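So you can see what is in the structure, the chains are spelled out below.
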Amino acid sequence: MDVERTLRQLERNPDDSDALAELFEAVWSNAEQLERFVEDVHVDGVHELRNDHPKWFTRHNVRMPYPLGVFEPRDVREVKRRLVDAAEQGLTSKPLGAAYNFSDTANTKDILLSMTEHINDVSPVTRDTLASHAESDLWRVDSGATVGRVNRRLWGHGRALLNQPGFEKLTFIGAACTGGHGSGIRIGPLCESVTSLRLATIDRTGDALEVQIEPSNGITDPQLHRTIHPQIPLHQDDSLFRAALVCSGTMGVVTEVVIRTQASYRLEERRTLRKWRKISGQLENLLADDSLHSVHVWVNPYDVENGNSCVLTTYHRTNDEPKGERGIGIRCGHLELAHRIIQILIQNNPRSIPNMLESALRATLPTSKKVVMDAPDALNFGGPNYFPAEAIDVGIDSSDTVSAVNDLLTLYKRLRDNDAQYVTAPIGLRFVGPSDAFLSPQFRRSTCMIEQPILRKTPGLRNTLARALDLLKDKYLGRPHWGQWNNLDHVDCARLYPEYDAFRRIRNDLDPRNVFRNSFTDRIGLTG
């Protein structure tokens, strides 16, 4: 393939979908030639910021002024000791999980506790303190355990998560505590699998305190707990539990959770390319189909070939053995190279973006007639997780899905035509059951989570995300995934979350000295 000739062809005709498809096929099949080519092409902002200056702390998606101290506690005792040391000096503290969040939930100027290095065990729960009514096959997950680690441990024992996010490198607790969700209209978000949690905080006297929090009819026998764990107070209170489930690190360090699990299972993945106008008329029936485990939809934000294309993916439980192969766009490697090629197109030929997205959607279609995978593999997004991007992820009532997507399409067309601002990734739709957690995006409604990633270095990225989020929260009472980019303030929170005031009161009780205060808690009105 002559890369330069193909790029020149796209400059002359951005609608040449064949040339674009040829270019991206080369990313996977002829990476060495493309590497040599892009090394000779100067593109502003192609290379991600790599600032090793000690004034900045950078890890994955997190970038902030370097805190006074960054520690990797080896156990909960050290977590408590670090919290006490900080509190005695009048400093704040924040826990950090896998650092793939786009928001400021973990930002701190003082003490950062990185939880993934040592506090990451996953183990079956013994019945030494369980109440007689507690179900079996409960598992304990530590603060730093990633979804991938949890999946591997469970699968080895014939078990699986009730729900899981699409990226295995997130910590389970970090995702659950910020509103992470997975997929399945009859399956609640991650926090709904949690039956008990432990929280380390600082009390009014400045002493470290680890408490165990459960609903009123919790899994733990209070008398047995007092005998075996007298140093850890047990609180079985519905409001306290529902506040702590999605707390985003604002009231303490969630050191561990106990989760319900299910028997391991497999899913058949069926992907088809269709037009959004057709899928939008079928969506209600799809979501009502009890035979489906879950539904995903990825929508091209732009009209290509008489309509907005979308990839509809349905998942069906099956007893079949794993077989088949996902599309190259899911299995893809050479992601840094692909991103650099995309940046060349964005900077020099933005009119090609609609066709670029069309080609990307087509690349996710399977190469075999039937694709069956173990559930953790099927629910993992694969290669697209690794593209450098920022994103919003907003929960709306599932009945408003079609109207909301159509409004986003109108917004994106206006931004392109009037401001030359483009969206450089598909709109993602996943459907999730309701949650009772006070600050959950899925609070007490069946929810469509609308995710909009935009590749980094896309001109106007933050403005586009803000415009999309404002539309969804103002017109559809959209509630954001707290780990994704958001601009909410205390007025938004009071309007969007019916139990916001109750959450704030409980947070203040658990963190009376504001040890876990940061720019995020100030912004949404919990502190400051």
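In this convention, every chain numbers its residues from 1, walking through the sequence in written order. Reporting of local features is limited, given that this is a predicted model, to residues whose pLDDT is at least 70; pairs of side-chain atoms are given and counted only at 80 or more, and all residues count toward the totals for whole chains, interfaces and linings. Processing note: side-chain calculations cover all non-hydrogen atoms of the structure and skip hydrogens and water entirely.

Engineer: Honestly, the pattern of salt bridges in this entry has me stumped. Any pointers?
Structural biologist: Side-chain pairs of opposite charge can arise whenever the charged atoms involved come near each other. A pair is scored as a salt bridge if a Lys or Arg side-chain nitrogen falls within 4 Å of a carboxyl oxygen belonging to Asp or Glu. Evaluated as defined, the whole model comprises 31 salt bridges. Residue glutamate 192 pairs with arginine 242 through a salt bridge whose shortest N-O separation is 3.1 Å. Residue glutamate 192 is found in the loop between helix H6 (172-176) and strand S9 (194-202), and its partner arginine 242 is found in helix H8 (residues 238-245); the two are separated by 50 residues along the sequence. Close ionic contact of aspartate 492 with lysine 473 constitutes a salt bridge, the shortest N to O distance being 3.4 Å. Pair noted here: aspartate 492 is in helix H16 (residues 490-496) and lysine 473 is in helix H15 (residues 461-476), with a separation of 19 residues, a long-range link. Partly exposed describes any residue whose relative accessible area lies between the buried limit of under 20% and the exposed limit of over 50%, with all areas from a 1.4 Å probe on protein chains only and scaled to the type maximum. You can call lysine 473 buried: its relative accessible area is 6%. Connected via shared salt-bridge partners are Asp470, Lys473, Asp474, Asp492 and Arg495. Only DSSP runs of H or I covering at least 4 residues are called helices, and only runs of E covering at least 2 are called strands; the numbering of each starts at the N terminus.

Engineer: What exactly am I supposed to notice about the packing of aromatic side chains here?
Structural biologist: The geometry of an aromatic ring pair is captured by two quantities: the separation of the ring centres and the angle between the planes. By convention, a stacked pair of Phe, Tyr or Trp rings (six-membered ring in the case of Trp) has centres within 6.5 Å and planes under 30 degrees apart, an edge-to-face pair has planes over 60 apart, and any other such pair is tilted. In the structure shown here, the tally under the stated rule is seven aromatic pairs. With a centroid separation of 5.8 Å and 90° between ring planes, the pair formed by tryptophan 298 and phenylalanine 381 is classed as edge-to-face. Residue tryptophan 298 is found in strand S14 (residues 294-299), and its partner phenylalanine 381 is found in the loop between helix H13 (375-378) and strand S17 (389-397); the two are separated by 83 residues along the sequence. With respect to class, tryptophan 298 is no different from phenylalanine 381; both count as buried. Pairing tryptophan 482 with phenylalanine 520 gives two aromatic rings, centres 5.7 Å apart and planes at 75°, and the pair type is edge-to-face. Residue tryptophan 482 is located in the loop between strand S20 (479-480) and H16, and its partner phenylalanine 520 is located in helix H18 (residues 519-523); the two are separated by 38 residues in the primary sequence. An identical accessibility class is assigned to tryptophan 482 and phenylalanine 520; each is buried.

Engineer: Mind showing me how you'd approach helix H14 (residues 401-419) here?
Structural biologist: Note that an α-helix has 3.6 residues per turn; residues three or four places apart therefore point the same way. Helix length check: H14 (19 residues) gives 26 Å between terminal C-alpha atoms against 27 Å at 1.5 Å per residue, within 8%. Of all the residues in H14, the buried ones are Thr401, Ala404, Val405, Leu408, Leu409, Leu411, Tyr412 and Leu415. Along the long axis of H14, the arc covered by the buried residues comes to 165°, so they all point the same way. Two residues qualify as a contact provided that any one of their heavy atoms is within 4.5 Å of a heavy atom in the partner residue. Here the buried face of H14 lies against helix H9 (276-288), S14, S17, strand S18 (427-432), strand S19 (447-455) and H15. Alanine 420 sits one or two positions beyond H14 and adopts a positive phi of about 55°. Expected helix span is computed as 1.5 Å times (number of residues minus one). Arc, as used here, means the arc of the directions from the helix axis to the C-beta atoms.

Engineer: Help me understand the packing of H14 against H15 in this model?
Structural biologist: Each packed pair of helices is defined by two parameters, the angle between the axes and the distance between the axes. Running from N to C, H14 and H15 point in directions that differ by 145°, and their axes come no closer than 11 Å. Our pair here, H14 against H15, has a crossing hand that is right-handed. Here Ser403, Ala404, Asp407, Leu408, Leu411, Tyr412, Arg414 and Leu415 of H14 come into contact with H15, specifically with Asn463, Thr464, Arg467, Ala468, Leu471, Leu472, Lys475 and Tyr476. Classification convention: Asp, Glu, Lys, Arg as charged; Ala, Val, Leu, Ile, Met, Phe, Trp, Tyr, Cys, Pro as nonpolar; all other residues, Gly among them, as polar. Grouping the amino acids of the contact of H14 with H15 by side-chain chemistry returns nine nonpolar, three polar and four charged. Axis lines are fitted to C-alpha atoms, over the contacting stretch for helices. Their N-to-C directions set the angle, which ranges from 0 to 180 degrees. Should the near helix be turned counterclockwise from the far one by less than a right angle, the crossing is left-handed, whereas a clockwise turn marks it as right-handed.

Engineer: I would appreciate a short explanation of the environment of leucine 68 in the present structure.
Structural biologist: Position of leucine 68 relative to the elements: it lies in the loop between strand S2 (62-65) and strand S3 (69-71). Put simply, leucine 68 and leucine 91 are 23 residues apart on the chain and 9.3 Å apart in space, counted from C-alpha to C-alpha. Setting aside residues up to four positions removed in sequence, leucine 68 forms contacts with Leu91, Lys109 and Asp110.

Engineer: It is not clear to me how helix H12 (residues 353-362) should be interpreted in this structure. Could you clarify?
Structural biologist: Burial of H12 is extensive: eight of the ten residues sit out of reach of the surface. Among the residues of H12, Ile353, Pro354, Asn355, Met356, Leu357, Glu358, Ser359 and Leu361 are the ones counted as buried.

Engineer: Help me understand the packing of H9 against H14 in this model?
Structural biologist: Put simply, H9 and H14 touch, their axes get as near as 10 Å, and they point 160° apart. When the interaxial angle is binned, H9 and H14 end up roughly antiparallel. Of the residues in H14, those in contact with Trp276, Ser280 and Leu283 of H9 are Thr401, Val402, Val405, Asn406 and Leu409. Grouping the constituent residues of the contact of H9 with H14 by class yields five nonpolar, three polar and no charged. For this classification, under 35 degrees means roughly parallel, over 145 means roughly antiparallel, 65 to 115 means roughly perpendicular, and everything else is oblique.

Engineer: Looking at this structure, how should I read the nonpolar core?
Structural biologist: Most often, soluble globular proteins keep nonpolar side chains buried together rather than apart. Nine residue types can take part in a nonpolar core, namely buried Ala, Val, Leu, Ile, Met, Phe, Trp, Tyr and Cys, and a core is a set of them joined through side-chain atoms within 4.5 Å. Phe172, Trp276 and Leu429 are the most contacted members of the largest nonpolar core, which has 100 residues in total. Ranked by residue count, the leading element in this core is H15, at eight residues. With 15 residues, the next largest nonpolar core counts Val79, Leu83, Ala87 and Ala200 among its residues.

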